[in-house]
Amino acid sequence: MFEQFSRGYYLGRLYVEPRDDAAAAMCREQHERVNEQLYASGEGVERTDYPLVMKLGSQHFAVHGDAQVPADTLVVPEPMLEDANVRNPPSLEEVFLAKADHAAQLLSLSEGATILPDTAV
């Protein structure tokens, strides 16, 4: 689903569509699998429900798992689609997934905000 892109990111392609909720989400099973494969350190029992940090357009945001979201789909608040220049959703889009260390930095900077400031790729 995601492949190596740079020192700070993985690159993937997901169908992006609008959501009325203020939080971004993806399929819960895929969220847990990505979390386990890319964010877990491999030391003991680890949680797989921590938010993933993704970048669409120029905005970073936390992504949670949701059983109601179809596989290979990322749902985001409507204003985020406009900011990312996503036309005619659902649309297959390139999405960046911050690597674990970069994600931790971005989340600590956000202090619980859903949308984080842009940083270079």
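For the structure given in this document, a descriptive report is provided here. (Residues numbered from 1 in each chain as written. Predicted model: local features only at pLDDT ≥ 70, side-chain atom pairs only at ≥ 80, totals over all residues. Heavy atoms only, no water.)

## Digging into the nonpolar core
Line of reasoning, step 1. L52, M54, F61, V63, L74, V76 and L97 are the most contacted members of the largest nonpolar core, which totals 28 residues.
Line of reasoning, step 2. With five residues, the top contributor of residues to this core is strand β2 (residues 9-19).
Line of reasoning, step 3. For M54, the contacting residues outside a window of four places in its chain are F2, L14, M26, Q59, H60, F61, V63, L74, V95, F96 and L97. (Core = buried A, V, L, I, M, F, W, Y, C linked by side-chain atoms within 4.5 Å. Buried < 20%, exposed > 50% of the residue type's maximum accessible area, 1.4 Å probe, protein only. Helix = DSSP H or I, 4+ residues; strand = E, 2+ residues; numbered from the N terminus. Contact = heavy atoms within 4.5 Å.)

## Section: the pairing of strand β5 (residues 59-66)
Line of reasoning, step 1. Extensive coverage of β5 is indicated by the burial of six of its eight residues.
Line of reasoning, step 2. In this structure, strand β3 (residues 24-27) lies alongside β5, joined through four bridges in parallel fashion. Within the sheet, the bridge partner assigned to C27 lies in β5 and is D66.
Line of reasoning, step 3. Both strand β4 (residues 52-56) and β5 contribute to a ladder of five bridges, which runs antiparallel. Along β5, the bridge assignment pairs V53 with A62.
Line of reasoning, step 4. Counting the residues in the hairpin turn of β4 and β5 gives two residues, including G57, whose phi is positive at 65 degrees. (Pairing = 2+ DSSP bridges.)

## Some points on the packing of aromatic side chains
Line of reasoning, step 1. Under the counting rule described, the total for this entry stands at two aromatic pairs.
Line of reasoning, step 2. Judged by centre distance (5.9 Å) and plane angle (70 degrees), the ring pair of Y9 and F96 falls under edge-to-face. Taken as a pair, Y9 in strand β2 and F96 in strand β7 (residues 91-98) lie far apart in primary sequence, 87 residues in all. For the pair shown, Y9 and F96 are each scored as buried.
Line of reasoning, step 3. Among the aromatic residues, those joined into a cluster by ring pairs are F5, Y9 and F96.
Line of reasoning, step 4. When the ring centre of Y10 is taken as reference, the NZ or CZ atom of K99 above it lies at 5.2 Å. (Phe/Tyr/Trp six-rings, centres within 6.5 Å; stacked < 30°, edge-to-face > 60°. Lys NZ or Arg CZ within 6 Å of the ring centre and 35° of its normal.)

## Brief notes about unusual backbone geometry
Line of reasoning, step 1. A cis amide bond links P89 to the next residue, P90, at an omega of 0 degrees.
Line of reasoning, step 2. For N88, which is not glycine, the phi dihedral falls at a positive 50 degrees.

## As for the pairing of β4
Line of reasoning, step 1. For β4, the buried fraction is high: five of the five residues fall into the buried class.
Line of reasoning, step 2. Of the two faces of β4, both are covered, the one formed by L52, M54 and L56 as well as the one formed by V53 and K55.
Line of reasoning, step 3. Two strands pair when backbone bridges link them, and β4 and β7 are joined in this way by two bridges, in the antiparallel orientation. Considered in β7, the bridge of K55 is made with F96.

## Some thoughts on the side chain of T73
Line of reasoning, step 1. Within the fold, T73 resides in strand β6 (residues 73-77).
Line of reasoning, step 2. In this structure T73 comes out as buried when scored by relative accessible area, which is 6%.
Line of reasoning, step 3. Those residues in contact with T73 that lie beyond four places of it in its chain are L14, Y15, E17, A25, M26 and C27.

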